[in-house]
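Spelled out from the first residue to the last, the chains are:
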Amino acid sequence: AQLTTIDAANTTGTLTYTAVSDTAFNLAANVGGYVAAGVNVTVTNAATIAQLTTIDAANTTGTLTYTAVTDTAAALAANVGSYVAAGKNVTVTDAATIAQLTTIDAANTTGTLTYLTVSDTVAALTTNAGNYVSGAVNVTVTNTASMAQLTTIDGYTTGVVSATSITDAAATLAADVGGYVTGAVNVTVTGAATIAQLTTIDALTTGSLTYGAVSD
């Protein structure tokens, strides 16, 4: 904005500058073409990988200074251009897998890593390598889990643990300790169930109820 104002005031006069400091949005949009070859650029807020790529291409040999990157887990883990680097603070804008968080964390080393949701398989989430399921992080289990596995995951975080499919014994599902059989969760009973147990389970969820044997 300042360069635009100055440029408009001096009309045909030359405008010489060596550095530009602005938001990621303004620098990437580059209205007026002020982010040019050799100009040193400082980004004053968090930028996406795409914005940094655009700015970097415009200022060519100029320096590019920034402290924070914010993007999807896929973009941050892929890290095209290596903008997720040592000391950079990173914010993940969507659900990330344990593997993606591990990759991002290794790239930004001492920088902070902020995320709200982890989405992964039950095996990855119960193992919880790197302890990324912690604090108040919300968790989505992407495949079928047992009640015990959900309890383990729930013990890592005060956030919401969501599953789309649960498989377990009838007694365990009917007892529903932890309240995991809820909403539209699909349920599979692994052994024989009584009519009462099936009735209880069916009332807990609007999802499908699959069972192979009834004993009563």
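Data block above holds the structure.
Residues numbered from 1 in each chain as written. Predicted model: local features only at pLDDT ≥ 70, side-chain atom pairs only at ≥ 80, totals over all residues. Heavy atoms only, no water.

Caption draft 1: Examining the overall build of the chain more closely. Secondary structure summary: the chain contains nine helices and twelve strands in total. Here the C-alpha atoms of the chain give a radius of gyration of 26 Å, more than 25% beyond the 17 Å that 2.2 N^0.38 yields for 216 residues. In terms of overall dimensions, the chain has a C-alpha envelope of 95 × 30 × 25 Å along the principal axes. When each of the 216 residues of the chain is scored for burial, the buried share is 35%. Partitioning the contacts of the chain with sequence separation of at least 6, the portion at a separation of at least 24 is 20%. (Helix = DSSP H or I, 4+ residues; strand = E, 2+ residues; numbered from the N terminus. Rg over C-alpha atoms; globule rule 2.2 N^0.38 Å. Buried < 20%, exposed > 50% of the residue type's maximum accessible area, 1.4 Å probe, protein only. Contact = heavy atoms within 4.5 Å.)

Caption draft 2: Molecular detail of the environment of alanine 47. Secondary-structure assignment places alanine 47 in the loop between β2 (40–43) and α3 (49–59). What makes alanine 47 buried here is its relative accessible area of 0%. As for alanine 47 and valine 69, which are separated by 22 residues in sequence, their C-alpha atoms are 4.9 Å apart. When near neighbours in sequence (up to four residues on either side) are disregarded, alanine 47 contacts Ala24, Leu52, Ala68, Val69 and Thr70.

Caption draft 3: Quick look at the sheet that holds strand β6 (residues 113–114). Pairing is parallel across the open sheet formed by three strands, whose spatial order is β4-β5-β6. Edge positions in the open sheet fall to β4 (68–71) and β6, since each of these has one partner strand only. Relative to β6, strand β5 (residues 89–92) runs parallel, the two sharing two bridges. When the bridges of β6 are listed, threonine 91 appears paired with threonine 114. (Pairing = 2+ DSSP bridges.)

Caption draft 4: Inspection of the pairing of β5 at higher detail. With burial as the criterion, only one face of β5 is covered, namely that bearing Val90 and Val92; the residues Asn89 and Thr91 on the opposite face remain uncovered. As judged from the four bridges shared by β4 and β5, these two strands associate in the parallel manner. Along β5, the bridge assignment pairs threonine 70 with threonine 91.

Caption draft 5: Local environment of the packing of aromatic side chains. For the structure shown, the criterion picks out three aromatic pairs. Taking the centre distance of 6.4 Å and the plane angle of 65° together, the rings of tyrosine 17 and tyrosine 34 count as edge-to-face. Note that tyrosine 17 is positioned in the loop between α1 (2–10) and β1 (19–22) and tyrosine 34 in the loop between α2 (24–29) and β2, a separation of 17 residues in sequence. Tyrosine 17 sits in the partly exposed class, given a relative accessible area of 24%. Considering the side-chain rings of tyrosine 115 and tyrosine 132, the 6.4 Å spacing of their centres and the 65° angle between planes classify their relative orientation as edge-to-face. Residue tyrosine 115 is located in the loop between β6 and β7 (117–120), and its partner tyrosine 132 is located in the loop between α6 (122–127) and β8 (138–141); the two are separated by 17 residues in the primary sequence. (Phe/Tyr/Trp six-rings, centres within 6.5 Å; stacked < 30°, edge-to-face > 60°.)

Caption draft 6: Spatial organisation of the nonpolar core. Within the largest apolar cluster, 53 residues are counted, with the highest numbers of intra-cluster contacts made by Val43, Val92 and Ile166. Those residues in contact with valine 92 that sit more than four places away from it in its chain are Asp71, Thr72, Ala73, Leu76, Leu101, Ile104, Leu113, Thr114 and Tyr115. (Core = buried A, V, L, I, M, F, W, Y, C linked by side-chain atoms within 4.5 Å.)

Caption draft 7: Representation of the side chain of aspartate 120. Relative to the elements of secondary structure, aspartate 120 occurs in strand β7. Here aspartate 120 sits buried without a salt bridge, and the closest side chain of opposite charge, lysine 88, lies 27 Å off (N-O distance). There is a polar contact of 2.8 Å between the side chain of aspartate 120 and the backbone nitrogen of isoleucine 98. (Lys, Arg positive; Asp, Glu negative; His and termini not counted. Salt bridge = Lys/Arg side-chain N within 4 Å of Asp/Glu carboxyl O. Polar contact = N/O pair within 3.5 Å; in protein donor to acceptor, adjacent residues only side chain to side chain.)

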